[in-house]
Amino acid sequence: MTYLIALESEIIGHRPFHRRAMPPAASSLLRHLSHNSTPYRDPLTSLDWDALDTRDYWLPPQAVSICGLPEFATLNEAVKRRLSQYEFINVMLCGLWLERVFIVRLGNALAGGMDAAERSWLLHEIREEAGHSLMFLRLIETSALPLPERTWRGPWLADACARRLPATGPLFWLAAAIGEDIPDKFNRYVRQHGGEVNPVIHQACTLHIVDEARHIAYAREQLEIHLARTGTLRRRWLAAALDLLLRQFALRFYFPPAEFYELAGLTRGMWWRRAARADPQRREFVRERMAPTVRMLGQYGFRVGPFV
Ligand SMILES: [Fe+2]
Ligand SMILES: [Fe+2]
């Protein structure tokens, strides 16, 4: 419980973060990031929206959470396709939740002291995150798939961090780095199998990967700046909080809510979700997708996992 107490003091004990200055990032990196963000690609105008089709898979079949179960082979194609669409919607809902957090936190950080290079970069990042969220909303709306309210909720610890954690602390930047890196590695997998999914999904993943490379570079630099000032004791509880954050996020990202199985046409959604969680093939798939994130965290001295 020590880390939860420490986490509480991290969340509650800080003054409002917008009064505290962000640590300065290297201006050469900021200029480089802003330069590459300047030819802004608006997802709403650059994706071929007319090609979006719910008769296609939205995830490669082998990325669907229950594909390793013997029952999967017995399902008809329409159910498999519909489930791939709902599982991609789950990924987009994770994205909408994360991007809302970044937009609010980075927007608030603009009230603190920083030079023009940093201010400019934060505005570029906010613009890109807003664009991704608009892209997700349009994808969901255009699909016309029913999505009842309150079928999806963010992971509780990450949600608490998101609402209260100052953007000037190491835990925020750890959470930001993993919150961007995990979806990015999954997007890369979907993109590699682009021939198996609807072309608009492929385009959306590609656009997101290009922007996300810059966001991850900035999050990692902020994380490195903060970790350089973090003592051994604080690192220990950071590692424990990180482990919990990763477990929660991996679970939410890779295992959709029970209702999504039912919306796709299956009965007993909870049974399918439990079966997916217990399936060794799915667990291996998740481990493989998360391996680059685990390696990145290892470079900072955090040994984490396995998560599922
Ligand atoms: Fe994004
Ligand atoms: Fe991002």
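Heads up: the structure comes first, above all this text.
Residues numbered from 1 in each chain as written. Chains lettered and ligands numbered in written order. Predicted model: local features only at pLDDT ≥ 70, side-chain atom pairs only at ≥ 80, totals over all residues. Heavy atoms only, no water.

Caption draft 1: Up close: the overall build of the chain. Within the chain, the secondary structure is distributed over 12 helices and zero strands. Along the chain, helices (α) and strands (β) appear in the sequence α-α-α-α-α-α-α-α-α-α-α-α when read from the amino end. The C-alpha atoms of the chain give 20 Å as radius of gyration, which agrees with the globular expectation for 308 residues (19 Å, within 12%). Principal axes of the C-alpha set define a box for the chain whose edges measure 55 × 45 × 35 Å. Taken across its 308 residues, the chain has 55% of its residues classed as buried. In the chain, once contacts between residues fewer than 6 apart in sequence are set aside, the share between residues at least 24 apart is 84%. Accessible surface for the chain amounts to roughly 13700 Å². Of this, 54% is attributable to carbon and sulfur atoms. (Helix = DSSP H or I, 4+ residues; strand = E, 2+ residues; numbered from the N terminus. Rg over C-alpha atoms; globule rule 2.2 N^0.38 Å. Buried < 20%, exposed > 50% of the residue type's maximum accessible area, 1.4 Å probe, protein only. Contact = heavy atoms within 4.5 Å. Areas by Shrake-Rupley, 256 points an atom, 1.4 Å probe, with all protein chains shown as cover.)

Caption draft 2: Just the coordination of the iron ion (ligand 1), in detail. Of the protein atoms, only Glu-99 (OE), Glu-129 (OE), His-132 (ND1) and His-208 (NE2) coordinate the iron ion (ligand 1), at distances of 2.1 to 2.3 Å. Geometry at the iron ion (ligand 1) is irregular, judged from the four donor atoms that bind it and their angles of 85 to 169° at the metal. Each donor residue of the iron ion (ligand 1) belongs to the same chain, and together they define the spacing E-x29-E-x2-H-x75-H. A separation of 3.6 Å is found between the iron ion (ligand 1) and the iron ion (ligand 2), which share Glu-129 as a coordinating residue. Taken together, the positions of Glu-99 in helix H4 (residues 77-109) and His-132 in helix H5 (residues 116-143) put the pair 33 residues apart, joining distant regions of the chain. Since its relative accessible area comes to 3%, Glu-99 is described here as buried. (Donors = N, O, S within 2.8 Å, 3.2 Å for Na, K, Ca; no water. Tetrahedral: all angles 85-135°; square planar, octahedral: opposite > 155°, others 65-115°.)

The analysis is restricted to geometry; functional conclusions fall outside its scope.
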